[in-house]
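Structural characterization, general
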Amino acid sequence: MGAKEENDAHGNILPPIEQEIVDELDTKVKKYLRGESANLEVLQDKKLKGQLAVREQLYGKSAKAAAKIEKWLMPSEGGYLEAEGVEKTWRIKQEAIAREVDILSSRNQYDIVLPELGPYTLDFTPSGRYMAAAGRKGHLAVVDMKNMNLIKEIQVRETVRDVVFLHNELFFAAAQKKYPYIYNRDGTELHCLKEHGAVLKLQFLRNHFLLASINKFGQLRYQDVTTGEMIGNFRTGLGRTDVMQVNPFNGVVALGHSGGTVTMWKPTMAAPLVKMLCNQGPVSALAFHPNGHLMATSGKERKIKIWDLRKYEVVQTLPGHAKTLDFSQKGLLAVGTGSFVQILGDFSGSQNYTRYMGHSMAKGYQVGKVSFRPYEDVLGIGHSMGWSSILIPGSGEPNFDSWVANPFETSKQRREKEVRSLLDKLPPETIMLDPTKIGAVRSARNKEKPTKQEIDDDMQTAAEAIKGITMKNKTKGRNKPSKKAKKKQELIAKAKRPFLEQQLKEEESLAKKKQKLSEQGELPSSLQRFARKKTT
Amino acid sequence: MKEKKKRNKKIDLCYSWLFAATINTIYSMPDEKRKVAEATASVKMKYNKKQKRQHKKHGGSGDDKRKRRGPRLPSSMRKALDGINSLNRSDEDIDSDETPDFYEYEEQLPQEESKKNRRFDPVENYEYELPENFKDENVLSDDDDDENDDSGMKRSSKQLGDDVEDEDDERHLRMLEGITGMPTTAFEGKKRKKNLIISEAYPESEFNPSRDVLDGNGQISVEDLLEPLQGKSGYSKLRKRMQQMHKKSTSVQAPLPKAEQEKLERKAVYEQSKKDITKWEPLVKMNREAPTICFDEDTNLGFSTVGAIASAFEPRTEFEKKMASLVNDDKVKEAHKEDGSKLLELNKISVEDYLWDRNHIAKMRSLLFRHELKRKRIKKIKSKTYHRLLKKDRIKAAAVEILMDPEAAKEEARKEEFKRAEERMTLKHKNSSKWAKRILKRGLSVQDEGTRAAIDEQLQQHALLTRKMNTTKDSSSSSDDSSDEDDADENSAGSDQDEASKLFAKAKEKTLKVLEEDDEVPNSGVLSLPFMSRGLKKRKEEAIQEAKLALQEYESSLKELEDSAGEENPRIGTTTGRMVFGPVKREAPVSSKKIKTDNYYGNSDSEDGLEAEDTDVGNGMNDDVQKNVKTDSVTLHEDSEVRDSVFKGFDDIVRDPGQKTSCDVAIFASGKWKKMKSGNEVDANIDKSTKVVEPSLPDHDLVEAGEESDTDSEGQMVDGILSSGPKTSYELPSQEELIRLAFAGDDVEEDFEKDKQEILNQENPVPEKPNLIPGWGQWTHIQQKKGLPSWMVDEHEKAKRKREEALKKRKDAHLKHVIISEKLDKKAEKLHTKTLPYPFTSKEVFEQSIRVPVGPEFNPATAVGALNQPQVKKKSGIIIKPIKFEEVNPHEKTEEHKRSGQKQKTNRNKGNGGKRTQVRPVVVKS
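The rules behind the values
Residues numbered from 1 in each chain as written. Chains lettered and ligands numbered in written order. Predicted model: local features only at pLDDT ≥ 70, side-chain atom pairs only at ≥ 80, totals over all residues. Heavy atoms only, no water. Helix = DSSP H or I, 4+ residues; strand = E, 2+ residues; numbered from the N terminus. Buried < 20%, exposed > 50% of the residue type's maximum accessible area, 1.4 Å probe, protein only. Contact = heavy atoms within 4.5 Å. Areas by Shrake-Rupley, 256 points an atom, 1.4 Å probe, with all protein chains shown as cover. Core = buried A, V, L, I, M, F, W, Y, C linked by side-chain atoms within 4.5 Å. Polar contact = N/O pair within 3.5 Å; in protein donor to acceptor, adjacent residues only side chain to side chain. Pairing = 2+ DSSP bridges. Axes fitted to C-alpha atoms, helices over the stretch in contact; angles between N-to-C directions. Phe/Tyr/Trp six-rings, centres within 6.5 Å; stacked < 30°, edge-to-face > 60°. Expected span 1.5 Å × (residues − 1). Arc of directions from axis to C-beta. Salt bridge = Lys/Arg side-chain N within 4 Å of Asp/Glu carboxyl O. Parallel < 35°, antiparallel > 145°, perpendicular 65-115°, else oblique. Left-handed = near helix turned anticlockwise from the far one by under 90°. Patch = residues over 30% accessible without salt bridge, like charges linked within 9 Å, V, L, I, M, F, W, Y side chains within 5 Å. Nonpolar A, V, L, I, M, F, W, Y, C, P; charged D, E, K, R; others polar. pLDDT = per-residue confidence, 0-100.

Thoughts on the overall build of chain B
Secondary structure summary: chain B contains 42 helices and three strands in total. Per-residue burial over chain B gives 31% buried out of 926 residues. Here the analysis covers contacts within chain B between residues at least 6 apart in sequence; of these, 75% occur between residues at least 24 apart. Surface exposure of chain B reaches about 63900 Å², of which carbon and sulfur atoms provide 56%.

Some details on the overall build of chain A
On a plain count of helices and strands, chain A comes out with nine helices and 28 strands. The buried share among the 536 residues of chain A stands at 48%. A separation threshold of at least 6 residues defines the contact pool for chain A, and within that pool the share at least 24 residues apart is 45%. Within the structure as shown, chain A displays about 28000 Å² of accessible surface, and the carbon and sulfur contribution to it stands at 52%.

Quick word on the nonpolar core
In globular proteins that are soluble, nonpolar side chains generally tend to be buried together. If you look at the biggest cluster of nonpolar residues, it comprises 34 residues, and the most contacted ones within it are Leu220(A), Tyr222(A), Val253(A), Met264(A), Met276(A) and Met295(A). Not counting residues up to four positions away in its chain, the partners in contact with Tyr222(A) are Leu210(A), Leu211(A), Ala212(A), Glu229(A), Met230(A), Ile231(A), Gly232(A), Phe234(A), Val253(A), Trp265(A), Lys266(A) and Pro267(A).

Side note on the side chain of Glu169(A)
All names here are of chain A. Tracing the backbone shows Glu 169 in the loop between β6 (160-165) and β7 (171-176). Reaching out from Glu 169, the side chain makes a polar contact with the side chain of Arg 414 at a distance of 3.1 Å. If sequence neighbours within four positions are ignored, Glu 169 has contacts with Thr 125, Tyr 130, Arg 185 and Arg 414.

Description of the sheet that holds strand β13 (residues 230-235) of chain A
The strands making up a sheet are joined through hydrogen bonds of the backbone, oriented either antiparallel or parallel. All names here are of chain A. Pairing is antiparallel in the open sheet, where four strands are placed in the order β10-β11-β12-β13. Of all strands in the sheet, those with a lone pairing partner are β10 (199-205) and β13, marking the two edges. Strand-to-strand, the axes of this sheet are offset by a mean angle of 15 degrees, without reference to chain direction. Strand direction decides the pairing type here: β10 and strand β11 (residues 210-215), joined by six bridges, are antiparallel. Counterpart to Val 199 in the pairing with β11 is Asn 215.

Some thoughts on the packing of aromatic side chains
Residues and elements named next belong to chain A. Across all of its chains, the model carries 14 aromatic pairs over all chains by this definition. Residues Phe 234 and Trp 265 carry aromatic rings whose centres are separated by 6.1 Å and whose planes lie at 15 degrees to one another, so their mutual orientation is stacked. You can see Phe 234 sitting in strand β13 and its partner Trp 265 sitting in strand β16 (residues 261-265), a full 31 residues away along the chain. Comparing Phe 234 with Trp 265, the two get one shared label, buried.

Examining helix α37 (residues 790-809) of chain B
Residues and elements named next belong to chain B. With 20 residues, α37 extends 28 Å between its outermost C-alpha atoms, agreeing within 8% with the 28 Å of an ideal straight helix rising 1.5 Å per residue. Every buried residue of α37 is listed here: Met 792, His 796, Arg 803 and Leu 807. Along the axis of α37, the buried residues cluster in a sector spanning 45 degrees; they form a single face. More than 90 degrees from the buried face of α37, the exposed residues found are Ser 790, Trp 791, Lys 798, Lys 802, Lys 808 and Lys 809.

Topic: the side chain of Glu70(A)
Residue position: Glu70(A) is located in helix α3 (residues 46-73). Engagement of the side chain of Glu70(A) in a polar contact is seen with the side chain of Lys31(A), the distance being 3.0 Å.

Some words on the pairing of strand β5 (residues 149-155) of chain A
As paired elements, strand β4 (residues 139-144) of chain A and β5(A) share six bridges and run antiparallel to each other. Within the sheet, the bridge partner assigned to His139(A) lies in β5(A) and is Gln155(A).

Focus on the sheet that holds β6(A)
Residues and elements named next belong to chain A. With antiparallel pairing, the four strands of this open sheet are ordered in space as β6-β7-β8-β9. A single partner strand is all that each edge strand has here, and the edge strands are β6 and β9 (189-192). The mean angle between the axes of side-by-side strands here comes to 20 degrees, regardless of whether they run parallel or antiparallel. Bridging between strand β8 (residues 180-184) and β9 involves three bridges; their strand directions are antiparallel. Across the sheet, the residue bridging to Ile 182 is His 191, located in β9.

Let's talk about the pattern of salt bridges
Counted according to the given criterion, the structure contains 25 salt bridges over all chains. A single salt-bridge network, built from bridges that share partners, covers Glu24(A), Lys28(A), Lys31(A), Glu70(A) and Lys71(A).

Considerations on the environment of Glu429(A)
Note that Glu429(A) resides in the loop between α6 (411-423) and α7 (452-467). In sequence terms Glu429(A) and Lys266(A) are 163 residues apart; their C-alpha atoms lie 7.8 Å from each other. With sequence-adjacent residues up to four places away left out, Glu429(A) is seen in contact with Lys266(A), Thr268(A), Lys827(B), Ala828(B), Lys830(B) and Leu831(B).

Structural notes on the packing of helix α2 (residues 16-33) of chain A against α3(A)
Residues and elements named next belong to chain A. Look at α2 against α3: their axes get within 8 Å of each other, and the N-to-C directions meet at 125 degrees. Between α2 and α3, the angle is such that the two are oblique. For α2 against α3, the interelement crossing comes out right-handed. Touching Ile 21, Glu 24, Leu 25, Lys 28, Val 29, Lys 31, Tyr 32 and Leu 33 of α2 are Tyr 59, Gly 60, Ala 63, Lys 64, Ala 66, Ala 67, Lys 68, Glu 70 and Lys 71, all from α3.

Quick word on helix α35 (residues 748-763) of chain B
Taking 1.5 Å of rise per residue, 16 residues should cover 22 Å, and α35(B) covers 22 Å from first to last C-alpha, within 8% of that figure. For α35(B), the complete set of buried residues consists of Val748(B), Phe752(B), Lys756(B) and Leu760(B). Taken down its axis, α35(B) places every buried residue within 105 degrees of arc, on the same side. Turned more than 90 degrees from where α35(B) packs its buried face, Lys754(B), Glu758(B) and Gln762(B) sit exposed. Summarising the contacts, the buried residues of α35(B) are in contact with β16 and β17 (274-277) of chain A together with α37 and β2 (818-820) of chain B.

Considering unusual backbone geometry
Positive phi values are uncommon outside glycine, yet Arg157(A) reaches one of about 55 degrees. Tracing the backbone through its elements, the reader meets Arg157(A) in the loop between β5 and β6.

With respect to a nonpolar patch on the surface
Residues Ile69(A), Trp72(A), Leu73(A) and Met74(A) make up a contiguous nonpolar surface patch of about 430 Å² in total accessible area. Within the element layout of this structure, Trp72(A) appears in helix α3.

Let's talk about the pairing of β8(A)
Along any regular strand, the residues point their side chains to alternate faces of the sheet. Residues and elements named next belong to chain A. The buried fraction of β8 amounts to five of the five residues, a majority that puts the element mostly inside the structure. Pairing between β7 and β8: five bridges, direction antiparallel. In the strand pairing of β8, Ala 173 is matched with Ile 182. Where β7 folds back on β8, the antiparallel hairpin that results is connected by three residues.

Topic: the packing of helix α21 (residues 384-404) of chain B against helix α22 (residues 406-426) of chain B
Residues and elements named next belong to chain B. Interhelical geometry of α21 versus α22 gives an angle of 120 degrees and a closest axis separation of 5 Å. Taken together, the axis directions place α21 and α22 in an arrangement best described as oblique. For the crossing formed where α21 meets α22, the hand is left-handed. Of the residues in α22, those in contact with Glu 401, Ile 402 and Met 404 of α21 are Pro 406, Ala 408, Ala 409 and Glu 412. Within the contact of α21 with α22, the residues separate by chemical class into five nonpolar, no polar and two charged.

Topic: the confidence of the model for chain A
Close inspection of predicted coordinates is inappropriate for parts of the model with low pLDDT. When pLDDT is averaged along chain A, the result is 88; 95% of the residues meet or exceed 70. Across residues 1-12 of chain A, confidence stays below pLDDT 50; counting only partners more than four residues off in sequence or on other chains, it has seven contacts.

Examining the environment of Leu422(A)
All names here are of chain A. Within the secondary structure, Leu 422 is located in helix α6. A relative accessible area of 39% places Leu 422 in the partly exposed class. With 216 residues separating them along the chain, Leu 422 and Arg 206 place their C-alpha atoms 9.9 Å apart. With residues up to four places along the chain from it excluded, the contact list for Leu 422 reads Phe 209 and Thr 226.

Following this line, the structure appears as structure tokens:
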């Protein structure tokens, strides 16, 4: 209503409803234009200018069409709880919600109590249709969430630390006592990924088909699940951690460490892309907003921080501790601690998270994992006594795109999608902090060392430049060609000198390195007693 | 042609003039007649005529020609002359004298035209000058006759009358003069009319231009001539024409120099062509600007079926025509229609044809026969030179053919290959023939020059033929070897003890050799030092001992091999790959495990069971062996030669079966093998053992340890012992205190700072401080006081500054709590462009231009096609026709451009299919 009134106040010619539609479309068009067009006026090249102008128009048309489609084909809007008067949204209990919602939705409120194989961890498929649950004591289950049908459950008789779906519900990986395993839907063990070791946390990068794992020794591994190739194996060097989360926007894996640092990794670099000190205490949980710009971390020092990853700055610091964090598709943040789950919401649009809802489990239930179910207003909670599901209005995306994720997928569609996604599989090197920069010009500062060939070429050009110089004639009798030639030679030598010197320096440094290495290498035992004792 | 046309035109013009003149004369005729009647014939008249002629010849033929050019005088001058003439009319005596002087240079006028020059005609005074010119008259008389042939003929009839007329005219003129007081010239016009008839008897040509051109004094105008015609039919027409001509007449200027002319012409042509070409501009521009150009205008590809193509076939060549005439013959067609019987009739061959055919065949046969005979004769020729020459010719021809024809070249290559193979097989040229053997037996030196040369040549040929063989052998040798090895493997796999025993024997031999070798201790160098030599001795002893041990082992294993030849096989069946390593663990595991711990953490875990170890050994065993061998070789190089030799022996042994052992171990699974292997390992590990680094366990700090215990005690957590109340109930200050306590001494920020500094130093290394190497760059101690040379300091400063700048430029320069790695990901380099693609000049514009994805996943279906259209759309088989001109409104088009996207463009482009290829040349011209 507020928006409507504002428009009225502007007093535009269009009737209010149409005006609203136009405004809405405009914002959507802006979204699909993906940024401003370049200023073509500065271009000198008329042809290019013309081409770009045509291109821009096409983009505009496309964006407009897309906006229209979005407007008319995605009609459902997400709702959320609205409090009236002194009411507070976080005081509204699940029971109160259950009374209001339809039967189908109320079915999503339940507690599954499985006290024996306890604490449970959960993972949903991207469509939200299936859920994998893993009990610490070896219980693995795949559940169809639509009809609450247990597809398969197995007991692996080993500690299971984490479970994650691969590209579809047919496969899932479980981090067990010593190695992670890959099972299919029927519970058949397909692979034992021994190289990963005792994995604490698993993540699957859907667009890259990479299974990322962090093991007990702080080793981060990436394995391509299509080829089985080990893409990356890095020692974090920051100790043991079980806090790992993939940034859905760019595929960068973030790890939370005991020093309060969060490191972000890509599979083709052995050093972290970013290392940031997020908390004073050890990082206990980590979550990314679906748009990739926001990161929530919680530390043992009882602070939850929300970071803007574009600026690497804290947006908000909230008090409290979190064992687990999760962002919903619509940007709600679930915080699980003890037996209490709190939902924070950002309704002002200024990234100011405030309390939205809360839910406390039965006493003694330790929440181990919270996970929003995609395309549903449901939050799955894995805890020490099983798992629970509660309704969080406004958490899920109301409109699904069947090309992206289809909760009502048929097996044929699934098959087709599998093939398509395999064809669209991204190579691991495309994981970078800003994937929109792919195809752009490489920044000059990051220039690699000039190759030997390039150096040689530079040297040659320098020498050539000298050769082109005409020497001044000296006074009569002093003007000897031999001297001229000599002088020229000298000049050339002088021009070449810096290049050669540099080369020499490099070689020297290389030799030094080699020497160091060889020093470290052993002396024959007979000479060892003459070796200088190293000062420690 | 042009010339002719021009002339015709001129003639026409002249005719018009003539016409006018004749008319004039016709109408003046009655006058004349009257005059004639009046006049009386006189001698004087005749004389006058003669006089006239005489005057003409006066200057001589050559001079007269010049005279004709008189009219080219500037008109002003001519007027002056005329004025003088008219003035002189009164006192003719003087005048007559003077006129020739004035026209002195005109004397060269051509004779034949002089008559036309009527200036002189009216002047009767010449009579009086008679004495002057009289002499010449007779001399030039013959000339005169010739000259006046045609005119004279005409005149002869009228002569009498004319003369009378002349006389009359004179008088009449004078009379008029007397009456009016005007100069004679004013009245001349009338008289001239009469003269005109006479003078214009010349043939019309450009050499005798019409009169007014000649004298140009304009005394008689066209109007004058027209006047008498007034009121006659056709007058108005004539007058109109005259007027038109007057209007049009302009002065003609001298033509410009040729170069200038051409330049102007070119300029004009250029202007014209420019204009011509500019009309293409909008069209070309449109085509250039169009994002896509379509060539699918006419989709009719012509013939589609074979039948259609056949029906459209038209015979073109002679042969085809003949065929068509035969095929389409009515008779044949009819015959086909009815039945085959008629075809037979049609098939009849005439006797002549048959005879011709027969004769032809006979002729060919005889030719063939003769050819054969010739070949036979040639074949019988025994002359070597002849055949050599023949062969040479043939080779030459073949060489040419090879160059021309790839098929022949291939054939030739094959032949060569065959020859080579043959040579390799037969060794025909390797002095294996009887002849060669005999010669060799007798000794080469005894032979004469020719034989030696022949043998040499043969050998050379052999070398030539086998050269290729050698090269191929080199390349294939490896594969041969490998196959040999494979064979050996197979043999061994088939429990071939011989192979193994052989290997052992070989090894034994080698060790023995090493033992027997007497090593001389070097007398000089580092190795000659007493402690070194001591060390060497010690080492040698060790080595010898080892060698002995190895020898013993070899022997024992050899024996065992021989003993248990029969027992081997069953054992293979029972033992598996894993089980093999059971007994080995005695010695091997120590080393292997140590190595393993380097790269495999899992083993250090207490939870690890035996199986893991086993499997690992399975993987690592061979690696270990090889690693050891490698390390050996590395250390050996540093070590003394003695050791080297000893270990080389081992090395060889180990290496020999090295490639195989992996499978050997698994397959044989015999204790002996294992033993041997382990022995090797132990040998190799003896000096390695010192090297083995303790596995660096990941250092967990206290917190982690705490976590570890957490996970250990997970069972407790399940029971729900932990307090369930929300933790917010904790009092915050106390919590903070707790944290402070928990992380006492854990200054996270400082640690991070340190970390950051470290990384910064790593990525932007601190420049090394310059320091002088003692003795370098110094002559005496005096210089030392000066300190470092300035360039060194400068360089250091520069490097420092550079580093600082680099640090400032870093993205994390202002973020205390963030380290953003500046490291380059080489693999991701390929995802960026090194340079801006061509038309772009600014990075921003380029990046902006690629910001929108183009694929079907990111765009609505309506826009995808437009976004991904190719530059040129063309269906296969369409002929791109040259560009055709068509009117294009550039402004309108651009608007359209803006207004609509793809559809319009394609539509618009449809109209001008085939433009693109043709546009270019047009543009180039302009």
